[in-house]
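Residues per chain, in single letters:
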Amino acid sequence: MSILIKPIITEKATADSELKNCYWFSVNPKANKIEIKKAVEAAYGVSVEKVRTINVRPERKTRYTKTGMQHGKTNAVKKAIVQLAEGEMIDLYSNL
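Keep in mind that this is a model prediction, so the values were computed, not measured.

Colleague: Is there a simple way to think about the pattern of salt bridges in this case?
Modeller: Opposite charge on two side chains permits them to pair, given that their charged atoms come into close proximity. In this structure the tally under the stated criterion is 1 salt bridge. Between Asp16 and Lys20 there is a salt bridge; the shortest N-O distance is 3.8 Å. Given a relative accessible area of 13%, Asp16 falls into the buried group.

Given below as structure tokens:
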């Protein structure tokens with residue numbers, strides 16, 4: 001079971017990483033905070049102070065078409081905001 005799926009790189013996440021030393025990751029929905037902390041420390045070689053998680057519910061959409069109503073939804077996602085110890089950082093752009 002892979003715990004870390006991918007880092008989230010948005011304007012808000014980039015601002016958090018520069019100002020608050022917090023990094024955002026998309027994680028496995030079944031992972032808990034302790035598993036996320038161990039996975040980040042193992043993958044990037046840093047020490048984690050705090051982990052916060054967010055369960056994002058799926059967005060439901062309905063369209064009216066010629067053939068009738070079409071129902072759909074997006075996938076549910078779990079996000080983790082990881083705060084690192086003072087003086088440590090993760091270079092997310094090194095693998096590009």
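Colleague: So what exactly am I meant to see when it comes to the nonpolar core here?
Modeller: General note: in soluble globular proteins, nonpolar side chains tend to be found buried as a group. Among the nonpolar cores identified, the biggest contains 17 residues, and Phe25, Ile36, Val40, Val82, Leu84 and Ile90 are the most heavily contacted of them. Discounting chain neighbours no more than four positions away, the residues touching Ile36 are Ile3, Val27, Ala31, Val51, Thr53, Ala80 and Val82. If you look at the next biggest cluster of nonpolar residues, it comprises 5 residues, including Ala13, Cys22, Trp24 and Ile81.

Colleague: Explanation requested: the sheet that holds strand β1 (residues 4–7) in the structure shown.
Modeller: Adjacent strands of a sheet pair through backbone hydrogen bonds, lying either parallel or antiparallel. Read from one edge of the open sheet, 4 strands run β1-β2-β6-β3, paired in antiparallel fashion. The open sheet terminates on both sides in strands that have one partner only, identified here as β1 and β3 (48–56). Neighbour to neighbour, the strand axes of the sheet diverge by 30° on average, direction disregarded. Sheet topology places strand β2 (residues 22–27) next to strand β6 (residues 77–84); 6 bridges connect them, and they run antiparallel. For Phe25, the partnering residue across the bridge sits in β6 and is Ala80. Packing of helix α2 (residues 33–44) onto the sheet brings it into contact with β1, β2, β3 and β6, and relative to β3 it is tilted by some 120°.

Colleague: Could you clarify how one ought to interpret the side chain of Lys78 in this entry?
Modeller: Locating Lys78 in the fold gives a position in strand β6. Buried and unpaired, Lys78 has Glu35 as its nearest opposite-charge partner, separated by 7.6 Å. From its side chain, Lys78 meets the backbone oxygen of Ala31 in a polar contact 2.7 Å long. The residues contacting Lys78, other than those within four sequence positions of it, are Phe25, Ser26, Val27, Asn28, Pro29, Ala31, Thr53, Ile54 and Asn55.

What counts, and where the lines are drawn
Residues numbered from 1 in each chain as written. Predicted model: local features only at pLDDT ≥ 70, side-chain atom pairs only at ≥ 80, totals over all residues. Heavy atoms only, no water. Salt bridge = Lys/Arg side-chain N within 4 Å of Asp/Glu carboxyl O. Buried < 20%, exposed > 50% of the residue type's maximum accessible area, 1.4 Å probe, protein only. Core = buried A, V, L, I, M, F, W, Y, C linked by side-chain atoms within 4.5 Å. Contact = heavy atoms within 4.5 Å. Pairing = 2+ DSSP bridges. Helix = DSSP H or I, 4+ residues; strand = E, 2+ residues; numbered from the N terminus. Axes fitted to C-alpha atoms, helices over the stretch in contact; angles between N-to-C directions. Lys, Arg positive; Asp, Glu negative; His and termini not counted. Polar contact = N/O pair within 3.5 Å; in protein donor to acceptor, adjacent residues only side chain to side chain.

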